[in-house]
Amino acid sequence: MEPELKEFAKLLVQLVRDEAIQNSDFSLSSQARGPTARRWQQAATHQSPLEFARTIIPDIVDETVFYLLNAIDNGSLKLTFATQNGTQVDLTKDGHGELAGWYLGSDGWRAAYSKERFVDDFPTSGDATS
Amino acid sequence: MNSEIQEFARTLIARVRDEAIRSSDIAIQRPAVDPMAKRWQKVADSMSSDELIRIVIADVVDETLFFFLNAIDDGSLSLVYRSSSGATVDLTTEGHGELSGWYLGSDGWRATYSKERFVEDFPDSAETGQEH
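Residues numbered from 1 in each chain as written. Chains lettered and ligands numbered in written order. Predicted model: local features only at pLDDT ≥ 70, side-chain atom pairs only at ≥ 80, totals over all residues.

Turning to the confidence of the model for chain A, a few remarks are in order. On average, residues of chain A carry a pLDDT of 92, and 95% of them reach 70 or more. Per-element confidence in chain A ranges from a low mean pLDDT of 90 for helix H2 (residues 35–46) of chain A to a high of 97 for strand E1 (residues 79–82) of chain A. (pLDDT = per-residue confidence, 0-100. Helix = DSSP H or I, 4+ residues; strand = E, 2+ residues; numbered from the N terminus.)

Here it is as structure tokens:
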């Protein structure tokens, strides 16, 4: 495997996988006070384990995508996307460090394009049209 | 936001977010139909909710990254990575359609680089999941 691929792999695991797991673990802890953590704590007391799992599945997916986009935003993961017509776009530069915000924002990518459920824990924050 | 970023966004949502959620939802349907579902339901029936959720967290993160890499593998997400040395690598071409396999494999990226827990549902040398 090429060294560039190994570097990509290491960054993906450390900056996305591990960060997403660590942050989700924190949401489970009693010290966590954020809106997602409060939602989880409330659901944990009222739902069966598998119902609770269904509640948190989209949150964990979104956490993971957030850390992926955040790593692109801050330049740790430098990626260029090629569209179907062959146009290339530097995701860090042309995303203006806002991809993660555009993803989660109330009028963002998730709200605009997803066919699956989500909870907007920060309503009105972020703006996909900016 | 330019149209290229919007195309990236639509692909990311459809091929990563939505597919990861649908795939993970299958694991909570009874009867269990795949190794991950069997693990979840076994834990749900016999252990604490906290224990199940710790497993769910790591598994769903891995599902999400699997679908991200799978979208690169099949060319839906055409991405080029630029390394710290400035060298570039086309992830679809140079990954030979194997990135998602390299991520999850027994000696793969997850096993090599992660400091967090994971369960390997398809170990090379055993029939049942191995926890790490």
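Having seen the structure, we can now continue with the description.
The strand order E2(A)-E1(A)-E1(B)-E2(B) describes an open sheet built from 4 strands, whose pairing is antiparallel. The outermost strands of the open sheet, each flanked by one partner alone, are strand E2 (88–90) of chain A together with strand E2 (88–90) of chain B. For this sheet the average axis-to-axis angle between neighbouring strands, irrespective of direction, equals 25°. Across 3 bridges, strand E1 (residues 78–82) of chain B lies against E2 of chain B in antiparallel orientation. The residue of E2 of chain B that forms the bridge with Arg82 of chain B is Thr88 of chain B. (Pairing = 2+ DSSP bridges. Axes fitted to C-alpha atoms, helices over the stretch in contact; angles between N-to-C directions.)

Here helix H1 (residues 3–26) of chain B contains 24 residues, and its C-alpha end-to-end distance of 34 Å stays within 8% of the 34 Å for a straight helix at 1.5 Å per residue. Of the positions making up H1 of chain B, those classed as buried are Ile5, Phe8, Ala9, Leu12, Ile13, Val16, Arg17, Glu19, Ala20, Ile21 and Ser24 of chain B. Of the surrounding secondary structure, the elements contacted by the buried residues of H1 of chain B are helix H3 (49–73), E1, E2, helix H4 (91–94) and helix H6 (109–113) of chain A together with helix H3 (49–73) of chain B. (Expected span 1.5 Å × (residues − 1). Buried ≥ 20, exposed ≤ 12 C-beta atoms within 10 Å, placed from the backbone. Contact = placed C-beta atoms within 7 Å.)

Another aspect to go through is the interface of chain B and chain A. Taken together, the contact between chain B and chain A spans 51 residues of the former and 52 residues of the latter. Going through the elements one at a time, H1, helix H2 (35–46), H3, E1 and helix H6 (109–113) of chain B are the ones with two or more residues in the side of chain B that touches chain A. Among the elements that make up the side of chain B that touches chain A, the one with the highest residue count is H1 of chain B (17 residues). Across 4 bridges, E1 of chain A lies against E1 of chain B in antiparallel orientation. Among the inter-strand pairings, Leu79 of chain A is bridged to a residue of E1 of chain B, identified as Tyr81 of chain B.

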